[in-house]
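# Understanding the architecture of this molecule
Each chain, letter by letter, is given below.
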Amino acid sequence: MLFEYSLIQRAREKRVRIVLPEGSEPRILQAVDVLRRRDVADIVLLGDPVAIRAAASHVGVAIPEAGVEIIDPKSSPLRESFINDYYAMRKHKGATMDVASDRMLEVSYFGTMMVEKGLAGGMVSGSIHTTANTIRPAFEFIKTREGVGCVSSVFLMCLKHDVLVYGDCAVIANPTADQLAEIASSSADTALQFGIEPRVAMLSYSTGESGHGEDVERVREATAILKRKRPELLVEGPLQYDAAIDPAVAATKMPSSAVAGRATVFIFPDLNTGNNTYKAVQRSAGAVAIGPVLQGLRKPVNDLSRGCTVADIVNTVAITAIQAQDS
Ligand SMILES: CC(C)(COP(=O)(O)OP(=O)(O)OC[C@H]1O[C@@H](n2cnc3c(N)ncnc32)[C@H](O)[C@@H]1OP(=O)(O)O)[C@@H](O)C(=O)NCCC(=O)NCCS
Ligand SMILES: CC(=O)OP(=O)(O)O
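None of these values were measured; they are calculated from a predicted model.

Around ligand 2, the neighbouring residues are T131, F155, N275, Y278, K279, P292, S305 and R306. One of the side-chain nitrogen or oxygen atoms of N275 is found 2.9 Å away from an oxygen atom of ligand 2. Here an oxygen atom of ligand 2 and a side-chain polar atom of R306 are 2.8 Å apart. The protein chains hide 85% of the 260 Å² of surface that ligand 2 would expose on its own. Here the residues of the shell around ligand 2 are counted per class, giving three nonpolar, three polar and two charged.

Taken together, the neighbourhood of ligand 1 is formed by 16 residues, with R90, R136, K143, V151 and V171 sitting nearest. In the model, an oxygen atom of ligand 1 is placed 2.9 Å from a nitrogen or oxygen of the K93 side chain. Here a nitrogen atom of ligand 1 and a backbone polar atom of A170 are 2.8 Å apart. In isolation ligand 1 has 940 Å² of accessible area, and contact with the protein removes 59% of it. Among the secondary structure elements, those contributing two or more residues to the shell around ligand 1 are helix 7 (131–142) and helix 12 (271–285). Considering only residue class, the shell around ligand 1 consists of nine nonpolar, three polar and four charged.

Each aromatic ring pair is characterised by the separation of its centres together with the angle its planes make. By the definition in use, this model includes eight aromatic pairs. Centre to centre, the rings of Y166 and F266 are 5.8 Å apart; their planes meet at 70°, and the pair counts as edge-to-face. Of the two residues, Y166 sits in strand 6 (residues 163–167) while F266 sits in strand 9 (residues 265–267), which places them 100 residues apart along the sequence. Per residue, the accessibility class of Y166 equals that of F266, and both read buried. Here Y166 and F268 contribute two aromatic rings whose centre-to-centre distance is 5.2 Å and whose plane-to-plane angle is 75°, an arrangement assigned as edge-to-face. Here Y166, found in strand 6, pairs with F268, found in the loop between strand 9 and helix 12; they are 102 residues apart in sequence, far enough to count as distant. Each member of the pair, Y166 as well as F268, carries the same accessibility label: buried. An aromatic cluster of at least three residues, connected via ring pairs, comprises Y166, Y241, F266 and F268.

What counts as what
- Residues numbered from 1 in each chain as written.
- Chains lettered and ligands numbered in written order.
- Predicted model: local features only at pLDDT ≥ 70, side-chain atom pairs only at ≥ 80, totals over all residues.
- Heavy atoms only, no water.
- Near = heavy atom within 4 Å.
- Polar contact = N/O pair within 3.5 Å; in protein donor to acceptor, adjacent residues only side chain to side chain.
- Areas by Shrake-Rupley, 256 points an atom, 1.4 Å probe, with all protein chains shown as cover.
- Nonpolar A, V, L, I, M, F, W, Y, C, P; charged D, E, K, R; others polar.
- Helix = DSSP H or I, 4+ residues; strand = E, 2+ residues; numbered from the N terminus.
- Phe/Tyr/Trp six-rings, centres within 6.5 Å; stacked < 30°, edge-to-face > 60°.
- Buried < 20%, exposed > 50% of the residue type's maximum accessible area, 1.4 Å probe, protein only.

Printed below as a string of structure tokens:
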């Protein structure tokens, strides 16, 4: 709770405008109500204003005049220039003016273009759209920050006494060793950005030499790459989750490690493991899971799980506002 409170406080420090493409979704409208009452960020809702106001009144929310703008991508004066911009940025990939016109009817594309053009500091979507749908526009024209090879994600897992960082739980399905190293590097940076000292565990079904196999070797290679690229980071791998988190287990399985038993950043070997582990901890251990927080993009765009709560949306908007302030 303290961590979530600190996010809201940080987000309020500098006014940022966040675009929420899913303007008629009841949870989004309830989150906007909280965000405005707590003065966290200015909001742009995308969609048909009549439908948005009807949905708001259905859930008993009054959309305030101050700090909330509604834009309909179908009739907005921005539409024409956005179509031209998309065409210019994607024609080398075969996009035509017709394709560009269709794309700008999709709220995820329109919202992402607002961020690209500096008309919003960040975008949060995904309460009713899939992850792929939410993040593909950013992959197409926001692109990665200089020096970053791939976009990945973390969840900030708020447990009773700790906040842990889990990556990648949302984007890269079967990372190569290089990609795993990059996920870990970005996750360590995201941890630092949110006040968590990174001690990085590269997870596998082996601790040290205890297990063997292709998947373990990939994690071992990724650990070596990361140690070479970021010698200042505390990194250990391969490690099993129990050896990474529990000092007593670490004392048996890997006694001389500076990370084992006290890891804060947990890098999963693939998306099957990462996505389901975060959901297991969220649903069975009662953790608040903030994210997926995307990392490596030039400008902030963040996804939600379709199972998100109103509080999850509020937290993700706060995270996005902080990323916008820092970028
Ligand atoms: C996000 C996702 C849809 C991208 O897949 P895709 O659209 O098939 O990707 P493509 O290989 O066609 O690439 C599309 C563009 O995105 C870029 N891209 C793809 N993955 C990227 C990454 N991790 N980082 C940066 N750019 C990436 C490609 O370079 C390409 O750019 P270009 O068109 O300018 O050349 C895919 O990674 C995915 O489905 N991830 C899993 C999402 C999911 O289901 N998560 C579980 C629930 S959260
Ligand atoms: C992040 C995630 O798992 O999203 P969804 O639950 O919408 O698939």
